[in-house]
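Next come the chains, spelled out residue by residue.
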Amino acid sequence: MAKNFHFPFTAIEGQEQMKKALLLNAINPSIGGVLIRGEKGTAKSTTVRSLTDILPKMEVMDGCIFSCDPKGNMCDECLSKNKPYKTAFKEMKVVTLPIGSTEDRVIGTIDIEKAIKEGIKSLDKGILADANRNILYLDEVNLLDDHIVDILLDAAAMGWNTIEREGINIRHPSKFILVGTMNPEEGELRPQILDRFGLMVNVDGLMDVKKRVNVIKKVEEFNLNPKMVLEEYSKEQNLLKEQISNARKILPTVKIENDLLEFISQICIEMNIPTNRADITVARTAKTIAALNQRDYVVIDDIKEACELALPHRMRRKPFDPPTLNNEKLEQFFDDFENEENQDNEDNNENNSEDDSKN
């Protein structure tokens, strides 16, 4: 089977915030995915599909249709296997949810006849089975049926998918990097659905002549000779893949000081964001930014960047208004925090100087 070539992630011109949000979710899927808002032709789909080429291969239970993780949650069939497990390595892929998908197509169905006659739990797997440990891509998410979106978001939050029919049930892991894209001109999402996405970014068309010319040249080169373009960017691609792999290793060790956690919660309260999901997502995102930068501790700039990604779609607003963040108010919070920190440091230095003089 011929391999589909993806445009190199590192060759995509501009759209730095979108690329950063995708990288953070690739390192830490517990962030909860990303919603990408923008007009058609702003490289949304291209960037999502290119992500797979910079992600490290994943170790899976050999032969498992759910790609179960030998070191994580496993389906019943994998749990019944004797150790040592036989494993294999697979590349991550993008699983796209087609518009008009039914509930059965999403969660899968059980072959009742086979279960009754042969006593075997047989599953016609759905989108969620394919998506486990991969990237689940919801293109034009604002045009999907709300019920289907709720099912997907529930599975993303729980990490499991359960199929039940006639007293028979099959349960399998369903953890994935959730990516939704939408054109806001075609309608906004309900606030309840917006809040379920960890991060949100807005993408605009490039308005710099040189950048647009670069896009033309790169796309034409790729269409004529994709292998040549992939070779040209192979070094950058491999370096980024290594950075992601290292960040995943660092992430469990990243610490965030209690005063920074209090600051995060204070921001969310002052911004009138009632959901605790905002606080948790900002903290997780800040830790992941630190890991991406090869640090095992969070600094104030990590939190600032995390707020810009995790808060705009959670702000209270009027119906049909686009998600926005009060940047001036946010800047003021960080200025005040840094001024207080500087003042505390000065006071500590003065106290230390007085103690030294007494001695």
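Note that this is a predicted model, so its numbers are computed, not measured. (Residues numbered from 1 in each chain as written. Predicted model: local features only at pLDDT ≥ 70, side-chain atom pairs only at ≥ 80, totals over all residues. Heavy atoms only, no water.)

Visitor: I would appreciate a short explanation of unusual backbone geometry in the present structure.
Guide: As a rule of thumb, non-glycine residues mostly have phi less than zero, and peptide bonds are mostly trans rather than cis. Here the residue pair Lys 83 and Pro 84 is connected by a cis peptide bond, since its omega of 0° sits within 30 degrees of zero. For Ala 43, which is not glycine, the phi dihedral falls at a positive 70°. Looking at the element boundaries, Ala 43 is found in the loop between β1 (34-38) and α2 (44-50). The exposure class assigned to Ala 43 is partly exposed, which follows from its relative accessible area of 29%. In the Ramachandran plot, Gln 294 falls in the positive-phi region, its phi being about 65° despite a non-glycine side chain. Among the structural elements, Gln 294 can be located in the loop between α13 (276-292) and α14 (300-310). (Helix = DSSP H or I, 4+ residues; strand = E, 2+ residues; numbered from the N terminus. Buried < 20%, exposed > 50% of the residue type's maximum accessible area, 1.4 Å probe, protein only.)

Visitor: Whenever I open this one, the layout of surface pockets confuses me. Can you help?
Guide: Empty space among the atoms can be located by rolling a probe the size of a water molecule over them. Here the largest pocket defines a volume of roughly 1100 Å³. Forming the boundary of the largest pocket are 42 residues, of which Asn 28, Pro 29, Ser 30, Lys 175 and Phe 176 lie nearest the centre. Listing elements by their share of the lining of the largest pocket, those giving two or more residues are α1 (16-27), α7 (146-158), β10 (177-182), α11 (234-250) and α13. For the lining of the largest pocket, the per-class residue count stands at 20 nonpolar, twelve polar and ten charged. (1 Å grid on protein atoms, 1.4 Å probe; cavity = no way out; pocket = protein on both sides within 12 Å on 5 of 7 lines; lining within 4 Å. Points joined across faces, edges and corners; volume = space filled by probe spheres on them. Nonpolar A, V, L, I, M, F, W, Y, C, P; charged D, E, K, R; others polar.)

Visitor: Explanation requested: the nonpolar core in the structure shown.
Guide: A general trend in soluble globular proteins is that nonpolar side chains are found buried together. If you look at the biggest cluster of nonpolar residues, it comprises 61 residues, and the most contacted ones within it are Leu 22, Ile 36, Val 179, Ile 267, Ile 303 and Leu 311. Take this core: its biggest share by element is eight residues, from α13. In contact with Ile 36, not counting residues within four places along its chain, are Met 18, Leu 22, Lys 44, Val 48, Val 179, Gly 180, Thr 181, Met 182, Val 201 and Val 203. Counting residues in hydrophobic clusters, the runner-up holds 26 residues, among them Val 149, Leu 152, Leu 178 and Leu 194. (Core = buried A, V, L, I, M, F, W, Y, C linked by side-chain atoms within 4.5 Å. Contact = heavy atoms within 4.5 Å.)

Visitor: How should I be thinking about the pairing of β10 in this particular structure?
Guide: A regular strand places its side chains on the two faces of the sheet in alternate fashion. Here β10 lies mainly inside the structure; six of its six residues are buried. Alternating positions in β10 separate into two faces, Ile 177, Val 179 and Thr 181 on one and Leu 178, Gly 180 and Met 182 on the other, with burial throughout. Here strand β7 (residues 135-138) runs beside β10; their pairing, made up of four bridges, is parallel. Within the sheet, the bridge partner assigned to Leu 136 lies in β10 and is Leu 178. (Pairing = 2+ DSSP bridges.)

Visitor: What am I meant to see in the pattern of salt bridges here?
Guide: Pairs may arise between side chains of opposite charge once their charged atoms sit close together. In total, this model carries 17 salt bridges according to the counting rule given. The residue Asp 150 makes a salt bridge to Arg 190 at a minimum N-O spacing of 3.6 Å. In this pair, Asp 150 sits in helix α7 while Arg 190 sits in the loop between β10 and α8 (191-194), placing the two residues 40 residues apart along the sequence. Here Arg 190 falls in the partly exposed class, since its relative accessible area comes to 29%. The shortest N-O distance in the salt bridge between Arg 314 and Asp 195 comes to 2.7 Å. Taken together, the residues Arg 314 in the loop between α14 and α15 (327-358) and Asp 195 in the loop between α8 and β11 (199-203) connect sequence positions 119 residues apart. There is no split in this pair, since Arg 314 and Asp 195 are both buried. Shared partners join several salt bridges into a network, and the residues in it are Lys 40, Glu 140 and Glu 186. (Salt bridge = Lys/Arg side-chain N within 4 Å of Asp/Glu carboxyl O.)

Visitor: Hey, could you run me through the sheet that holds β10 in this one?
Guide: Strand pairing in a sheet relies on backbone hydrogen bonds. The paired strands run either parallel or antiparallel. Strand order in this open sheet of five strands is β4-β7-β10-β1-β11, and the pairing throughout is parallel. Of all the strands in the sheet, just β4 (94-96) and β11 have a single pairing partner and so form its edges. Recorded for the sheet is a direction-independent mean angle of 20° between the axes of neighbouring strands. The pairing of β1 with β10 spans four bridges and is classified as parallel. If you follow Ile 36 over to β10, its bridge partner there is Thr 181. (Axes fitted to C-alpha atoms, helices over the stretch in contact; angles between N-to-C directions.)

Visitor: Can you help me understand the packing of aromatic side chains in this one?
Guide: Counted under the stated rule, the structure contains three aromatic pairs. Measuring from ring centre to ring centre gives 5.1 Å for Phe 263 and Phe 334, while their planes differ by 90°; the resulting arrangement is edge-to-face. Of this pair, Phe 263 sits in helix α12 (residues 258-270) while Phe 334 is found in helix α15, placing the two residues 71 residues apart along the sequence. Phe 263 gets classed as buried once you look at its relative accessible area, which sits at 9%. (Phe/Tyr/Trp six-rings, centres within 6.5 Å; stacked < 30°, edge-to-face > 60°.)

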